[in-house]
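The residues making up each chain are set out below.
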Amino acid sequence: MVKVDLSGAAPFFTSVGPDYASAKCAHETLTQGSGLGAEFTGWLQLPQRIRDTELERILRAAETIRSRSGALVVIGIGGSYLGARGAIELLKPIPGPGDPRVFFVGNTLSADALSDTLAQLGDMDFDVNVISKSGTTLEPAVSFRIFRELLAKKYGDRADEHIFATTDARRGVLKSLADAHGWESFVVPDDVGGRFSVLSAVGLLPMAVAGIDVRRVVDAAQEAFTALDLRSPENPAWQYAAARQHLYGKGYDIEILGCYEPSFRFMAEWWKQLYGESEGKDGKGIFPASVEYTADLHSMGQFIQSGPRRLMETVVRFDQSRSACLFPEESENADGLNYIAGRDLSQVCSVAADAVKQAHIDGGVPNLVIHLPRRDEEGFAQMVCFFELACGISGYMSQVNPFDQPGVEAYKKNMFRMLGKPGAD
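The notes below deal with the structure included here.

Reading guide: rules and limits
Residues numbered from 1 in each chain as written. Predicted model: local features only at pLDDT ≥ 70, side-chain atom pairs only at ≥ 80, totals over all residues. Heavy atoms only, no water. Phe/Tyr/Trp six-rings, centres within 6.5 Å; stacked < 30°, edge-to-face > 60°. Buried < 20%, exposed > 50% of the residue type's maximum accessible area, 1.4 Å probe, protein only. Lys NZ or Arg CZ within 6 Å of the ring centre and 35° of its normal. Helix = DSSP H or I, 4+ residues; strand = E, 2+ residues; numbered from the N terminus. Pairing = 2+ DSSP bridges. Right-handed = clockwise from strand over helix to strand, strands pointing away. Polar contact = N/O pair within 3.5 Å; in protein donor to acceptor, adjacent residues only side chain to side chain. Contact = heavy atoms within 4.5 Å.

Details of the packing of aromatic side chains
- Counting across every chain of the model gives 18 aromatic pairs.
- Residues Tyr 396 and Phe 403 carry aromatic rings whose centres are separated by 6.0 Å and whose planes lie at 80° to one another, so their mutual orientation is edge-to-face. For the pair formed by Tyr 396 and Phe 403, the shared burial category is buried.
- Taken together, the aromatic side chains of Tyr 240, Trp 270, Trp 271, Tyr 275, Phe 386 and Phe 387 make up a single cluster linked through ring pairs.
- For Arg 148, the ring lying beneath its charged end belongs to Phe 144, and the centroid distance is 5.6 Å.

A closer look at the pairing of strand S4 (residues 126-131)
- For S4, a buried count of 6 out of 6 residues is recorded, marking the element as mostly surrounded by other parts of the structure.
- Covered by surrounding structure in S4 are Phe 126, Val 128 and Val 130 together with Asp 127, Asn 129 and Ile 131, the residues of both alternating faces.
- Bridging between strand S2 (residues 71-75) and S4 involves 5 bridges; their strand directions are parallel. By the bridge assignment, Val 74 is partnered in S4 with Asn 129.
- Of the pairings in the sheet, the one linking S4 to strand S5 (residues 163-167) comprises 4 bridges and is parallel in character. Looking at the pairing, Val 128 lines up with Ile 163 of S5.
- Following the chain from S4 across helix H6 (residues 138-155) to the adjacent parallel S5, one finds a crossover that is right-handed.

Concerning the side chain of Thr 41
- Structurally, Thr 41 can be placed in the loop between helix H1 (20-32) and helix H2 (46-52).
- When its relative accessible area of 9% is taken as the criterion, Thr 41 is described as buried.
- There is a polar contact of 2.7 Å between the side chain of Thr 41 and the backbone oxygen of Ala 38.
- Apart from the residues lying within four places of it in its own chain, the contact partners of Thr 41 are Leu 30, Asp 191 and Phe 403.

This is the structure:
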């Protein structure tokens, strides 16, 4: 299970330390459904609900796609794609035999990016999973029209068989299109916001197509939420939420999330949306940023070590590597590296992480470490549940509604007006 190490942050705490009483109150507010945005806390029950409702259909649809197509094109933006992409890059960075490639589009308006994806897709057989609560968000809607046309040219009257829609259960443009064309459909739950939806069909269908064992993910997520219901300062979600809020109160208003696995990159992007969209409101919030270690130690390391002292650092560490890589000994030792000969590279990386932690603490950067057992389905599920629960608790501790996002509508109104959308004025 997830473990949180606060030893690198403790030197920066006041004598009072993190407010676990407030964390307890926030946790109870969350689970009792008595706080702001309580109508969007259905993610707490998602593992059991998805097992009871759509899981078997998700698995059958994934098997259909895997049996006939070389690729799945996932169309979505924000919470409609970040969790799935993060999971696939973390757990299946290299497709195995029989695994379709998964392309993610609809998250940009770049003509070049879309053209590059089309070039990579080439003449492969493919299916489309379009993910949108409403169907009117511009970026995915633009891509969906383009790929619908491509499917029609490629498959003719059978094109609709290659479209899977994940959308609202009852209403919206995409739901109406799905009903009219007979596309197989999955549900974006009414009581789950996009950034919390990775354990629904939103994330599970693309993950299953990629070859991830989503049954293991769902089972591990249910176990994780049960374990994280602990009402005690020993709860790692309390520890993380209370520590970061305590440091925020001392002026540390930028949090950088780091990991020593390059495959973690899009999990960090998912984390940034989760925390940025949940906490950044009412003039409050810790700014979420991310780095990739060890690479960014040679680019951002100087700033982290010696820049403005407003940073706190959270590092995700997987305690067991999936692979062994022993460093060889060389008789000439021309490069002077025989001092690490015979060691596994994961051990060298662990020592590097310890050295970086100490250097950053000495440089005035509070350091929190989140330990996960392994980079696998269980580790992924535990991490998602941990970060989601801690996010809800942290948001309530800062007295904001962690489950709305009113600020994201402002740019849309301007964009639609400037593009001349009917009725946008």
